[in-house]
Amino acid sequence: MDWSILVVLALLGAFFLWRQSKNKEKAQAANERLERDTRMYRNIKAGMREYHFRERDNNFWKAKDGELLFETAHLTAFHVSHPAESRVGFYFKDLDEFGLYGFFAGNDDDVFHSYYRTDRTFQQEEMLLTNDED
């Protein structure tokens, strides 16, 4: 029996097992990111429902950049200035993270909604990956 063939087969088997474990790690990391982003997206959507509810009794459009709009037991909302979008920044107490919502009305009734993970300055924009539909 040729031992070199067995060694090559053993090395190939080890390589494929190693690659499979690396792919599994990448898939797990991607799944964790998707879950985390989906949780943030849902919190931003809930924050915007609260924003629209409170908007009727307040003049949020007059707020200055970074100004506190309202606070609940679960979140804090801030006005965020932007040259093209209407934006609201959130701090989610349960996640201990910041989220950012943007709204842009384009031509021909085109409406765009943006959802980001951000920092406390609301300058960083990390687009969220989600399973949810708008």
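Rules of the game
Residues numbered from 1 in each chain as written. Predicted model: local features only at pLDDT ≥ 70, side-chain atom pairs only at ≥ 80, totals over all residues. Heavy atoms only, no water. Helix = DSSP H or I, 4+ residues; strand = E, 2+ residues; numbered from the N terminus. Buried < 20%, exposed > 50% of the residue type's maximum accessible area, 1.4 Å probe, protein only. Contact = heavy atoms within 4.5 Å. Areas by Shrake-Rupley, 256 points an atom, 1.4 Å probe, with all protein chains shown as cover. Phe/Tyr/Trp six-rings, centres within 6.5 Å; stacked < 30°, edge-to-face > 60°. Pairing = 2+ DSSP bridges. Patch = residues over 30% accessible without salt bridge, like charges linked within 9 Å, V, L, I, M, F, W, Y side chains within 5 Å. Salt bridge = Lys/Arg side-chain N within 4 Å of Asp/Glu carboxyl O. Core = buried A, V, L, I, M, F, W, Y, C linked by side-chain atoms within 4.5 Å.

Peer 1: Account for the overall build of the chain, with residues named and values stated.
Peer 2: Check the secondary structure of the chain and you find one helix and six strands. A total of 134 residues make up the chain; the buried ones form 29% of that total. Summarising the internal contacts of the chain: among those between residues at least 6 apart in sequence, 33% fall at separations of at least 24. Only carbon and sulfur atoms are counted for the fraction: they give 54% of the accessible area of the chain, which is about 9500 Å².

Peer 1: Go over the packing of aromatic side chains, please, and point to the residues and values.
Peer 2: Evaluated as defined, the whole model comprises nine aromatic pairs. Taken together, the ring pairs in this structure connect Phe78, Tyr91, Phe98 and Phe122 into an aromatic cluster.

Peer 1: Explain the sheet that holds strand E3 (residues 86-92) to me, and be specific about the residues and the numbers.
Peer 2: Taking strand neighbours across the sheet as the criterion, the six strands line up as E1-E2-E3-E4-E5-E6 in an open arrangement whose pairing is antiparallel. Lying at the two open borders of the sheet, with one neighbouring strand each, are strand E1 (68-71) and strand E6 (126-127). Relative to E3, strand E2 (residues 75-80) runs antiparallel, the two sharing six bridges. The partner of Val80 across the bridge, within E3, is Arg87.

Peer 1: How would you summarise a nonpolar patch on the surface if you had to cite specific residues and measurements?
Peer 2: Taken together, the side chains of Ile5, Leu9 and Leu12 make up a nonpolar region of the molecular surface, amounting to roughly 280 Å² of accessible area. Within the secondary structure, Leu9 sits in helix H1 (residues 3-55).

Peer 1: Break down the nonpolar core for me, with residues and values.
Peer 2: Residues Ile44, Leu69 and Phe90 are the most contacted members of the largest nonpolar core, which totals 17 residues. If you list the elements that add at least two residues to this core, you get H1, E1, E2 and E3. Of the residues forming this core, the biggest block, five residues, is contributed by H1. Beyond its immediate chain neighbours, meaning those up to four positions away, Phe90 contacts Ile44, Gly47, Met48, Leu75, Thr76, Ala77, Glu97, Phe98, Gly99, Tyr101 and Phe122.

Peer 1: Can you tell me about the side chain of Thr76, naming the residues and giving the values?
Peer 2: Position of Thr76 among the secondary structure elements: in strand E2. Relative accessible area serves as the criterion here: at 7%, Thr76 is assigned to the buried category. Here Thr76 is in contact with Leu68, Phe70, Glu71, Gly89, Phe90, Tyr91 and Lys93, once residues within four sequence places are set aside.

Peer 1: I'd like a rundown of the pairing of E2, residues and numbers included.
Peer 2: The side chains of a regular strand alternate, first on one face of the sheet and then on the other. Most of E2 is tucked away: six of the six residues are buried. A two-sided burial pattern is seen for E2, the buried positions comprising Leu75, Ala77 and His79 on one face and Thr76, Phe78 and Val80 on the other. Strand direction decides the pairing type here: E1 and E2, joined by three bridges, are antiparallel. Following the sheet pairing, Leu68 is matched in E2 by Phe78.

Peer 1: Go over unusual backbone geometry, please, and point to the residues and values.
Peer 2: We note that Asp96 has phi near 55°; this positive angle belongs to a residue other than glycine. The phi dihedral of Phe122 falls on the positive side, at around 60°, and the residue is not glycine. Assignment of secondary structure puts Phe122 in the loop between strand E5 (111-118) and E6. For Phe122, a relative accessible area of 8% puts it in the buried group.

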